[in-house]
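Spelled out from the first residue to the last, the chains are:
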Amino acid sequence: MAAHVTRIKGFADMFPPDSDAFLFLEETARRIFSRCGFVELRTPVLEYTDLFRRSIGEETDVVQKEMFTFPDRNDRLMTMRPEATAGVMRAYIEDARHTRESVSRLFTTGPMFRYERPQKGRMRQFHQLNCECLGSHSPYADADMIIMLMRFLREAGLTELTLKLNSLGCASCRPRFKEALVDYLKGLAGEGGLCEDCTRRMQTNPLRVLDCKQEGCRRLTDAAPRLLDYNCPDCRAHFDTVVRLLEAEKIPYELDHRLVRGLDYYCRTTFEVVSGNIGSQSAVAGGGRYDGLVKSLGGPDVPGVGFACGMERLALLLPERPAPRLDFYAVGMNEAGRDVCFSLAQRLREAGLTGEVHTGDGGFKSSMRQAGKSGARYCLIVGEDEAASGTVMVKNMDSGEQQAVPQSGVVEHLASTPGGIEHE
Ligand code: HAM
């Protein structure tokens, strides 16, 4: 036998119920986000590598270690998108969107790629639901995004989640914080020291030392300076308004001074939603404000705020939902019966019912076994007698009852039986 080709490590195939969960999440997201004025933007999965280097940041783990990057046939470096924000910014700039609308609300969904060590809730190909609101400096925009995210999660049936908040300050107050943090970290040299990664990060990206997962580093940074204490008056007022609006809407939150996010473009508000029920990869959503990003990519000076949810992680938390059931399974017992069933099935589907026509080989018994396996609520059987008399035997697969019904009245019959089928 020829050896079969396997899927790539960290990439998954998705059959139901996994694919059903994704469909449900996407439908719920579209419904909730469109209520807030979001429209859908689809961007390519492949972009020039430069886009991610310039937006996510050279010193981030994503750019340093996690991108799927390769040259194309003309030796230009391409990257499979590790997140959606950068591509949305590029599209927004290329489309000169700001000339047509003062605020753009853009929703994107699809696969993202990061070369990480796969584990529960962490894949190399994963999927995000991503929202960006471009064009508003207002803290009302931040709060509106966070409230919309929490509404979506609630509507999807996800509870027991914690919203974490912080503010990274801006270009004028963050350098002061960085200085104070580095001074503090240098002072730790004699205390057993930070891990190897953090010792390096202290030089390249000191904020990231705060969200190191190593026990030793966390203990050492417990008493580190806190971003909120270093926010300038404008950043502080912005943050206080966001918090006030969340409180007015009764959205519970926790302040988290370690919430610095892994991508470099953020300023002011940052947030994450975490779950205690999915192991170490606990963040189901993350985002924040990124006021300088569009400009840094060569676009207009337009502020923005956004977030992305990880669909695989949300799917792990979804309450179980009953699998959708077919309305009918149609079995023709001879050639004439098969023709009648085939045509009847087309009419029933046009009327909005769902169902399959038996196309397998084998005798009546095996057809009925298939009907049972399909999970359909009714089996429609047409043999010689039914074909001759223009009827169809309708068998209720739950009760076992069966009844001959005129072929022209099947839709009405199925709709009128107790617990009957609703159709369009
Ligand atoms: P992020 O925190 O890097 O932010 O990713 C957002 C979410 O994607 C995470 O909270 C997590 O649920 C999911 N995620 C990330 N990596 C993986 C993985 N390897 N496997 C499974 N799920 C994963 C961003 O990507 C920003 N672009 C969000 C944003 C939008 N900020 C502003 N606008």
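Keep in mind that what you see is a predicted model, and the values were worked out from it rather than measured.

**Describing the overall build of the protein chain**
From N to C terminus, the protein chain includes 16 helices and 16 strands. For 424 residues, the compact-globule estimate of 2.2 N^0.38 gives 22 Å, and the protein chain exceeds it by more than 25% at 28 Å. Across the 424 residues in the protein chain, those meeting the buried criterion constitute 51%. Restricting the contact set of the protein chain to residue pairs at least 6 apart, pairs at least 24 apart contribute 70%. Carbon and sulfur atoms form 49% of the exposed surface of the protein chain, whose accessible area is close to 21,600 Å². Positive and negative charge centroids in the protein chain, built from 54 and 59 side chains respectively, lie 4 Å apart.

**A few points about the environment of D240**
With respect to the helices and strands, D240 occurs in helix α10 (residues 233-248). For D240, a relative accessible area of 37% gives the class partly exposed.

**Looking at the packing of aromatic side chains**
For the coordinates displayed, the defined rule picks out 10 aromatic pairs. Chaining the aromatic ring pairs together yields one cluster made of F33, F38, F107, F152 and F307. A cation sits over an aromatic face here: R124 above Y115, 3.9 Å from the ring centre. For the cation-ring pair, R321 lies above F24, with the distance from its terminal atom to the ring centre recorded as 4.2 Å.

**Re helix α1 (residues 18-34)**
The end-to-end C-alpha separation of α1 is 24 Å, in line with the 24 Å expected for 17 residues at 1.5 Å each. Among the residues of α1, those classed as buried are A21, F22, L25, T28, A29, I32 and F33. When α1 is viewed along its axis, its buried side chains cluster within an angular range of 135° and face the same direction. Of the surrounding secondary structure, the elements contacted by the buried residues of α1 are β5 (104-113), β6 (125-134), α5 (139-155), β11 (304-310) and α12 (311-317).

**Examining the packing of α5 against α10**
It is at 9 Å that the axes of α5 and α10 come closest, and there the two elements cross at 40°. As summarised for this structure, α5 and α10 are arranged oblique, according to the angle between their axes. Both α5 and α10 take part in a crossing whose hand is right-handed. On α10, the residues touching P139, Y140, D142, A143, I146 and I147 of α5 are H238, T241, V242, R244, L245 and L246. Its residues placed into classes, the contact of α5 with α10 shows 8 nonpolar, 2 polar and 2 charged.

**A look at a nonpolar patch on the surface**
Residues V45, L46 and F70 make up a contiguous nonpolar surface patch of roughly 210 Å² in combined accessible area. Structurally, V45 can be placed in the loop between β1 (39-40) and β2 (46-48).

**Description of the domain arrangement of the protein chain**
When its domains are assigned, the protein chain resolves into domain 1 (18-160 + 283-317) and domain 2 (328-416). Computed from C-alpha coordinates alone, the two centres of domain 1 and domain 2 are separated by 47 Å.

**A closer look at the sheet that holds β1**
By definition, the strands of a sheet pair up through backbone hydrogen bonds, in either a parallel or an antiparallel sense. Spatially, β1-β5-β6-β11-β10-β9-β7-β8 is the arrangement adopted by the 8 strands of the open sheet, whose pairing is mixed. Of all the strands in the sheet, just β1 and β8 (254-255) have a single pairing partner and so form its edges. Summarising the sheet, β6 and β11 pair through 7 bridges and their orientation is antiparallel. Bridging from a neighbouring strand, Q128 pairs with G310 of β11. Packing of α10 onto the sheet brings it into contact with β7 (161-167), β8, β9 (267-275) and β10 (283-289), and relative to β7 it is tilted by some 160°.

**Here's the deal with the environment of E320**
As for its position among the elements, E320 is in the loop between α12 and β12 (328-332). Each C-alpha atom, one on E320 and one on A12, is 20 Å from the other, the two residues being 308 residues apart in sequence.

**Concerning the pairing of strand β16 (residues 402-406)**
Across 5 bridges, the pairing between strand β15 (residues 391-396) and β16 is antiparallel. Each residue of the ladder has a partner; that of T391, found in β16, is P406. Where β15 hands over to β16, the hairpin turn is made up of 5 residues, of which G400 adopts a positive phi near 85°.

**Description of unusual backbone geometry**
Each neighbour pair has its own omega, and for P16 with P17 the value is 5°, a cis peptide bond. Mapped onto the fold, P17 is located in the segment before α1. Even without a glycine there, the phi angle at A96 is positive, about 45°. Relative to the elements of secondary structure, A96 occurs in the loop between α4 (85-94) and β5. A relative accessible area of 26% places A96 in the partly exposed class. Not every positive phi belongs to a glycine, and K250 is a case in point at roughly 55°. When you line up the elements, K250 lands in the loop between α10 and β8. K250 sits in the exposed class, given a relative accessible area of 72%.

**Describing the site of the ligand**
Inspection of the region around the ligand gives 26 residues, with E83, T85, E116, Y266 and A283 positioned closest. Here an oxygen atom of the ligand sits 2.9 Å away from a polar atom, N or O, in the side chain of R261. In this structure, V284 approaches the ligand through a main-chain N or O atom, which is 3.4 Å from an oxygen atom. In isolation the ligand exposes 660 Å². Once the protein is present, 95% of that is buried. Where the shell around the ligand is concerned, the elements lending two or more residues are β6, β10 and β11.

Quick notes on the rules
- Residues numbered from 1 in each chain as written.
- Predicted model: local features only at pLDDT ≥ 70, side-chain atom pairs only at ≥ 80, totals over all residues.
- Heavy atoms only, no water.
- Helix = DSSP H or I, 4+ residues; strand = E, 2+ residues; numbered from the N terminus.
- Rg over C-alpha atoms; globule rule 2.2 N^0.38 Å.
- Buried < 20%, exposed > 50% of the residue type's maximum accessible area, 1.4 Å probe, protein only.
- Contact = heavy atoms within 4.5 Å.
- Areas by Shrake-Rupley, 256 points an atom, 1.4 Å probe, with all protein chains shown as cover.
- Lys, Arg positive; Asp, Glu negative; His and termini not counted.
- Charge placed at Lys NZ, Arg CZ, Asp CG, Glu CD.
- Phe/Tyr/Trp six-rings, centres within 6.5 Å; stacked < 30°, edge-to-face > 60°.
- Lys NZ or Arg CZ within 6 Å of the ring centre and 35° of its normal.
- Expected span 1.5 Å × (residues − 1).
- Arc of directions from axis to C-beta.
- Axes fitted to C-alpha atoms, helices over the stretch in contact; angles between N-to-C directions.
- Parallel < 35°, antiparallel > 145°, perpendicular 65-115°, else oblique.
- Left-handed = near helix turned anticlockwise from the far one by under 90°.
- Nonpolar A, V, L, I, M, F, W, Y, C, P; charged D, E, K, R; others polar.
- Patch = residues over 30% accessible without salt bridge, like charges linked within 9 Å, V, L, I, M, F, W, Y side chains within 5 Å.
- Salt bridge = Lys/Arg side-chain N within 4 Å of Asp/Glu carboxyl O.
- Domains from an automatic or database assignment.
- Pairing = 2+ DSSP bridges.
- Near = heavy atom within 4 Å.
- Polar contact = N/O pair within 3.5 Å; in protein donor to acceptor, adjacent residues only side chain to side chain.

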